[in-house]
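Topology and contacts: notes
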Amino acid sequence: MKLFEKITNPREIRRKLGLNQQEFWSRIGVTQSGGSRYESGRNMPKPVRELLRLVHVEQIDLSKVRREDFEIVEYLKETHPDLYKSLRKAVRAKMETQESGAEALLG
């Protein structure tokens, strides 16, 4: 989340991503007019904030996430904690490399 760590306003996140309101808000199931109200300072419900974080900050494609994925992660944590920690470390290293590249592009 380092790339958008200091951004507290959804408008700033949207602009950094180069998306219009329709593109940005529709990805998390919010209408353009609803998104406009949030960008103007209206209180954003926690589920909307969390979806915004997952989709636009963490860059998770929710259409690809399945319940089974969470079950696999839990199983791996419980039965092979060392393997889970090793995989998590490798993914974090990969993400840091990608974030460095994205930050370089955004300047």
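Rules and cut-offs
Here, residues in each chain are numbered from 1, in the same order as that chain's written sequence. Confidence filtering applies because this is a predicted model: local features only for residues at pLDDT of at least 70, side-chain atom pairs given and counted only at 80 or more, and all residues used for totals across whole chains, interfaces and linings. Working from all heavy atoms in the structure, the side-chain values ignore hydrogens and water. For the purposes of this section, nonpolar cores are sets of buried Ala, Val, Leu, Ile, Met, Phe, Trp, Tyr and Cys residues that join through side-chain atoms within 4.5 Å. The buried label goes to any residue with under 20% of its type's maximum accessible area, the exposed label to any with over 50%, and the partly exposed label to all in between, with areas taken from a 1.4 Å probe on protein chains only. Helical segments are the DSSP runs of H or I of at least four residues, strand segments are the runs of E of at least two, and each set is numbered from the N terminus. Angular values range over 0 to 180 degrees, each being the angle between N-to-C directions of two axes fitted as lines to C-alpha atoms, with helices fitted over their stretch in contact. Comment on the angle field: the value is read as roughly parallel under 35 degrees, roughly antiparallel over 145, roughly perpendicular from 65 to 115, and oblique elsewhere. The hand of a helix crossing depends on one turn: near helix anticlockwise from the far one by less than a right angle means left-handed, and clockwise means right-handed. Pairs of residues are marked as contacts when any of their non-hydrogen atoms sit within 4.5 Å. Residues are grouped as follows: nonpolar covers Ala, Val, Leu, Ile, Met, Phe, Trp, Tyr, Cys and Pro; charged covers Asp, Glu, Lys and Arg; every other residue, Gly included, is treated as polar.

By the naming in an unreviewed UniProt entry, the chain goes by HTH cro/C1-type domain-containing protein and is assigned to Paludibacterium purpuratum.

The biggest cluster of nonpolar side chains holds 12 residues, and these are Ile-13, Leu-19, Phe-24, Trp-25, Ile-28, Val-30, Tyr-38, Met-44, Val-48, Leu-52, Val-55 and Val-57. Secondary structure elements with two or more residues in this core: helix H2 (21-26) and helix H4 (46-57).

Okay, the packing of helix H1 (residues 10-17) against H4 next. With their axes 11 Å apart at the nearest point, H1 and H4 run at an angle of 20° to one another. The orientation of H1 relative to H4 falls into the category roughly parallel. Classified by chirality, the crossing of H4 by H1 is left-handed. Across the interface between the two elements, Pro-10, Ile-13 and Leu-17 from H1 touch Leu-52, His-56 and Val-57 from H4. Grouping the constituent residues of the contact of H1 with H4 by class yields five nonpolar, one polar and no charged.

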